[in-house]
Structures are given as structure tokens and as C-alpha cells.
Amino acid sequence: MAGFDAERYLRLAGDRSVPEGGCFDRPPWNPVLVATGAALVAARAMTTEAAQAVIAEYQALTPGEDRSHRMTGRADRPAASVPPGIGPFRVAPCDRVIDQPWGQLMIHYVTFTGDATTLRVTLVPGQSHGGRFDPPVPPEARQLQVSGDHGTVMTEKFFGSSRHGDPAWHGEYEIHPALAADTGWIELLGERVELIGAPAGIRAWIEPLPAQDPAKRHLWERVATINDFHDLHLALDTTIATLVAAEALPADDPMIGDARAVLAVLRPRGTDPVARPRDLAEPWRSLLARWGQGGGPAGIVTVGAITPPFDGVIAAVIALQSHDEHFGINVELVPAVRTGLPYRDLPTQQHLTWWAADDLGNHYLGEQGSWYPGEDRCQGNIGFWPALHPRAIRLDLIPTATTQSAVIRVPLPWG
């Protein structure tokens, strides 16, 4: 790396990206500048702070955008070495069905946290609605009165959605004020629902990651960052060019071709079929072998697990829901961290790559969905692809940081 000027290289990337219409504040985002900076930091050619300063200069050149949030506040804070706790957290499975004149209310589980109590439900319309709610949720089900062993409260309005071909609505009610975490029962729609059960067979532990060259780890983390808010192939090409220029990765390293081939399968550029690369190591080999397959079981598994701290992060997984084409989890993370490598700004906060593996040797890759950031925590949905193998009887959820990963082992009842 002798003689390589990382700051000059980053500024040249900025000069190229801005005239080409690089937009930093709305999708599709141009990832060149940030991907370059992230790769230089991974190659240890530049500090995060120095890269942030250069990136901030070029972001300020984009006219007419609100930049008040850039490089300040939560996103600039590194993950705490000793994270704060999740706080009160409990998930009570229910599997209770309440019949009503307008249809059925199916309560899957109740989640208790420090600031909210949430009922995860399915609303099934009756015959009078012709198989669909019209309006979307009948007036009697839009908001519910809930009594518990600590008093009577009201829910917020039902929030949810329906899937094509499915007459039911899936969503949740949030109860305010939140009920105590030790609530033993709730009563709604004239029926009492006992909350005395707990998810069965769930385990969580921490594992160290094997030692790996930082540049190669960064390359594969870029491949695994499969969101749709920027040009994934441009981000990968930028990462490769930067690592090669910084002499952190040989230009003829076969790993470069493997990375491009994997991304071509995960996110094809065109409609033509893409050849799947051979002789890949796990988890990529089994992931690509089933990529794009459906046929997953339909169902919900209550998880209610909290991991020990791993690389300064604690994860609380609420539940897993499987569909024909994919599956997803509801998760809360402390402190606030990101999923995948940056493409819009360059925060110093920890990032995670979400993997999963079943007992049959299949691997699954996660992508961040609906997300709600906060000052000291974040929460939302992580979707995994491909679909769950229908014969799997166990699934390990594996949020992966820099030196450690957590494992949440979940039995699958339908297996």
C-alpha cells in the first residue's frame, strides 16, 4: 500500500459520482462514494472519521436536499462496548380464536416491552363480507377494549395488510398504556385469554467468527447487502476496484469472480437465466442451490428470545412467520445498528449480516424490511430468502457482526 493516497482516491470517486447524477438523499442512491469510503476503511487505508469528512463535503454539493441529519446524532455513534439491556421483554403465545358476528379474531401471541404491549392477530372475514372486508376492517374490529389483571385499556386501531389470494388480514393492535410484563390474562370481545405459556425449546448463544482477512470479509459482506435502494452491482464493482487499488486484494484473486457470480444470481441484471457458480464454500453453496425456490410452509412460530451481547449488540427476536416464497422475523436491537454495509452514508455504528441455517444444511440470507430506528435501539422486520425447506424441523437465526455471531435456535412445529 506504499504510495497509495487513500484520501485522493476517495475524492476522485466523489468527483466522478457527483457529475454523473449521484444523489445522496433519495433513492436510487448512487453508492460509489460511500462504497469507496467503506472499502478504504476495511482495507485500513483510511480511518472512518477521515472518510466521513470527505464524504460529507461531496454530499453537501447535492443541491436542494435536506442534509441536517448527515453525519450527526445516532448514526455517528459507535456501538457501545457494554450495551444497555433490552429492558422488559416477554412474548406470550396464545393461538386463541374468538368468533364474532363479523368473522374471527385469531390471536397468535402478545408481546410486552418497556413501552408497548402488542397483540399479533389475524382477522378472518365472515360470509357477510363476501370473503373480504369492505371497508378493510369492520368497525367492531378497528379498535378494541382490553381488560387485564392490572386494569382496562384501549388498543390503537388495527394495523395490518392482506396478501394476494388470502382473504384474511394479518397485523397487530398496540395497547396504550402498555400492560405490565407479568400480566397473567387479558379479556377482549367478551372472552378471557390466559397468558401463562412461554415459547418452547428456544435457545440462544454466542459463537466467535473464524479469523478472516478484513478485505475479503468486506467483499462478501457487500455481496450479502441485497437491499434494493441502490445499484448493487455498481456498489460491488466499486468495492472490488477500491480494494485492488489499495492493494488489499490481488486483481487476479478468484474470489472476485466468485463474488460477482453470486450477486448475479441473487440480483440478476436482466431477464436471461444466470449460471450458478460451482465449488463455492458455505453458506453460499446451499443458498444459491435453492435461491428463488418457493413452497415454504405457512405458519407463525413464537420465539421470544434475547441473545447475550455479541460485538456490543443484543437482539430480541419476537416471532418467525413463514410464507410460500420466504420467511421473516420481528426483531429489536440494542443499541441501534444497521443491516448490511452502508451505501448512503458512512456511520461508525455496528452493522449486521443476517443469516439462517436449517437442520438439513440449507442456508438463507436476510434483508431488512420495515424498520423503525430510535435513539438507543431499533426494531422491525428481517425477511429471509429462499423459502423455508418444508421438511426442516429446526432453524438457527444467525445475526452476524464483525468478530461474533449470535445463534437463536427455533424448533419448527410443522417439520
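Every value quoted in this text rests on a predicted model; they were computed, and no experiment measured them.

A short note on the overall build of the protein chain
- Along the backbone of the protein chain there are eight helices and 19 strands.
- Residue burial in the protein chain is summarised as follows: out of 415 residues, 51% are buried.
- Once local pairs closer than 6 in sequence are excluded, the contacts in the protein chain between residues at least 24 apart make up 63%.
- As displayed, the protein chain offers around 18,600 Å² of accessible surface, 52% of which is attributable to carbon and sulfur atoms.

Section: helix 6 (residues 232–245)
- In this model helix 6 runs 20 Å from its N-terminal to its C-terminal C-alpha over 14 residues, within 8% of the 20 Å that 1.5 Å per residue would give.
- Contacts from the buried residues of helix 6 go to helix 1 (6–17), helix 2 (32–42), helix 5 (214–224) and helix 7 (254–266).
- You can read the cap of helix 6 off the contacts: a side-chain oxygen lies 3.1 Å from the backbone nitrogen of H233, and it is on D231.

Points about the pairing of strand 17 (residues 378–385)
- In terms of strand pairing, strand 13 (residues 327–334) meets strand 17 through seven bridges, oriented antiparallel. The residue bridging F327 from the neighbouring strand is F384, located in strand 17.
- The pairing of strand 16 (residues 363–373) with strand 17 spans seven bridges and is classified as antiparallel. What sits directly across from E367, in strand 17, is G383.

What counts as what
Residues numbered from 1 in each chain as written. Predicted model: local features only at pLDDT ≥ 70, side-chain atom pairs only at ≥ 80, totals over all residues. Heavy atoms only, no water. Helix = DSSP H or I, 4+ residues; strand = E, 2+ residues; numbered from the N terminus. Buried < 20%, exposed > 50% of the residue type's maximum accessible area, 1.4 Å probe, protein only. Contact = heavy atoms within 4.5 Å. Areas by Shrake-Rupley, 256 points an atom, 1.4 Å probe, with all protein chains shown as cover. Expected span 1.5 Å × (residues − 1). Polar contact = N/O pair within 3.5 Å; in protein donor to acceptor, adjacent residues only side chain to side chain. Pairing = 2+ DSSP bridges.

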